[in-house]
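Topology and contacts: notes
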Amino acid sequence: DAKTTQPPSMDCAEGRAANLPCNHSTISGNEYVYWYRQIHSQGPQYIIHGLKNNETNEMASLIITEDRKSSTLILPHATLRDTAVYYCIVRALPSGNTPLVFGKGTRLSVIA
Amino acid sequence: KAGVTQTPRYLIKTRGQQVTLSCSPISGHRSVSWYQQTPGQGLQFLFEYFSETQRNKGNFPGRFSGRQFSNSRSEMNVSTLELGDSALYLCASSPGQGNEQFFGPGTRLTVL
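Everything in this summary refers to the structure shown in the same document. Keep in mind that what you see is a predicted model, and the values were worked out from it rather than measured.

A full pass over the atoms with the stated rule returns 13 aromatic pairs over all chains. Taking 5.1 Å as the distance between ring centres and 90 degrees as the angle between the ring planes, the aromatic pair formed by Tyr87 of chain A and Phe102 of chain A counts as edge-to-face. One end of the pair, Tyr87 of chain A, is in strand S8 (residues 84-92); the other, Phe102 of chain A, is in the loop between S8 and strand S9 (106-111), with 15 residues separating them in the sequence. When sorted by exposure, Tyr87 of chain A lands in the same class as Phe102 of chain A, which is buried. Chaining the aromatic ring pairs together yields one cluster made of Tyr34, Tyr36, Tyr46, Tyr87 and Phe102 of chain A together with Tyr35, Phe45, Phe102 and Phe103 of chain B. Here the guanidinium or amino end of Arg91 of chain A rests over the ring plane of Tyr34 of chain A, the centre of that ring lying 5.8 Å away.

Attention shifts here to the sheet that holds strand S3 (residues 19-24) of chain B. Residue and element names in this part refer to chain B. Spatial ordering of the open sheet is given by S1-S3-S8-S7, a layout of four strands whose pairing is antiparallel. With partners counted over all chains shown, the strands left at the sheet margins are strand S1 (5-7) and strand S7 (64-68), one partner each. Along the sheet, successive strands turn relative to each other by an average axial angle of 20 degrees, direction set aside. As paired elements, S1 and S3 share three bridges and run antiparallel to each other. Counterpart to Thr7 in the pairing with S3 is Ser22.

Cut-off values and rules
Residues numbered from 1 in each chain as written. Chains lettered and ligands numbered in written order. Predicted model: local features only at pLDDT ≥ 70, side-chain atom pairs only at ≥ 80, totals over all residues. Heavy atoms only, no water. Phe/Tyr/Trp six-rings, centres within 6.5 Å; stacked < 30°, edge-to-face > 60°. Helix = DSSP H or I, 4+ residues; strand = E, 2+ residues; numbered from the N terminus. Buried < 20%, exposed > 50% of the residue type's maximum accessible area, 1.4 Å probe, protein only. Lys NZ or Arg CZ within 6 Å of the ring centre and 35° of its normal. Pairing = 2+ DSSP bridges. Axes fitted to C-alpha atoms, helices over the stretch in contact; angles between N-to-C directions.

Here it is as structure tokens:
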């Protein structure tokens, strides 16, 4: 079973920041937080991952709370092409070879 | 670098038949994982191969099998197809175990 809880859906206006929350209250010390997204009828796309520090790349920023029980994925300037299902996943690394366990994710709709 | 490729992209079979799906990972990637996606169950892990060895297996019946070749290409086979096997089958590759996974576009299997 997925160890994360996400809202089923969210809307965001085009050009505004999209903030997608994720709860992972039972996360272990060796587990990372991963984010993937799946645009309709395509394979999931890796976005970002982190352990306890905030992370940023060209796609998004990941903010992890100090107690690591929740995190937020931020798309700074959402576009219509960001409409997708976003999955938050916790996974042990680097010694673990556990597979990705996908929950139901958050369906983000970016509205013009 | 070319991404993960999967063939065929679409497939229609009838109950009782068997099917073989193919996945070519990103060049240099040695780990290949397979997932099944259905509207009811979401994305579920099937198995993972690393250096031609199955390292991890999900909770699927023995009708689902796979293998990996020395060039890291992988195939999965489903025998005695059932209607419930209709799904999008996704392959993901990564440089090694535990790294982020990069997904292919999937093979959409329809069982009639």
